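Coordinate inspection notes
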Amino acid sequence: MRLWALRPDRSGSGTITEAECTTCLEGSGAADDGRGPALWCLAHTQATGHTGFRRVRTDFFRVTAF
């Protein structure tokens, strides 16, 4: 019988961050860091007056045998 473990996948880009406006559902698009989505939120607020955002962070796992 094989034993399996769920571990963070470090072979890819790392955590992906996106932001979504909770008023109009427009989004920042995905980025490898949080800076782009954060700047998008500030610009979106300035352009629309919308102030609520959902931050989505995605990271990845890989199952490995040991």
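Residues numbered from 1 in each chain as written. Predicted model: local features only at pLDDT ≥ 70, side-chain atom pairs only at ≥ 80, totals over all residues. Heavy atoms only, no water.

Counting secondary structure elements, the chain contains one helix and four strands. Listing the helices and strands of the chain from first to last along the sequence gives β-β-α-β-β. Over its C-alpha atoms the chain spans a radius of gyration of 17 Å, topping by over 25% the 11 Å that the globule rule assigns to 66 residues. Expressed as lengths along the three principal axes of its C-alpha atoms, the size of the chain is roughly 60 × 20 × 10 Å. Buried positions account for 18% of the 66 residues belonging to the chain. Sequence-distant contacts in the chain: of pairs separated by 6 or more residues, those separated by 24 or more amount to 57%. A total of about 5100 Å² of accessible surface is found on the chain, and carbon and sulfur atoms cover 53% of it. (Helix = DSSP H or I, 4+ residues; strand = E, 2+ residues; numbered from the N terminus. Rg over C-alpha atoms; globule rule 2.2 N^0.38 Å. Buried < 20%, exposed > 50% of the residue type's maximum accessible area, 1.4 Å probe, protein only. Contact = heavy atoms within 4.5 Å. Areas by Shrake-Rupley, 256 points an atom, 1.4 Å probe, with all protein chains shown as cover.)

Residues other than glycine seldom take positive phi values, yet Leu25 does so here, at roughly 70 degrees. Judged by relative accessible area, Leu25 falls into the exposed class, the value being 56%.

Counted by the stated rule, this structure contains one aromatic pair. On the basis of an interplanar angle of 80 degrees and a centroid distance of 5.9 Å, the ring pair of Trp40 and Phe53 is categorised as edge-to-face. Linking Trp40 in helix H1 (residues 35-48) with Phe53 in strand S3 (residues 53-58), this pair joins segments that are 13 residues apart in sequence. Since its relative accessible area comes to 25%, Phe53 is described here as partly exposed. (Phe/Tyr/Trp six-rings, centres within 6.5 Å; stacked < 30°, edge-to-face > 60°.)

Relative to the 20 Å expected for 14 residues at 1.5 Å per residue, H1 spans 20 Å between its end C-alpha atoms, a close match to the ideal helical length. Buried residues along H1 sit in contact with strand S2 (16-21) and S3. Once H1 finishes, Gly49 follows within two positions and takes phi at roughly 85 degrees, a positive value. (Expected span 1.5 Å × (residues − 1).)

Geometric descriptors of this kind do not, in isolation, establish any biological role.
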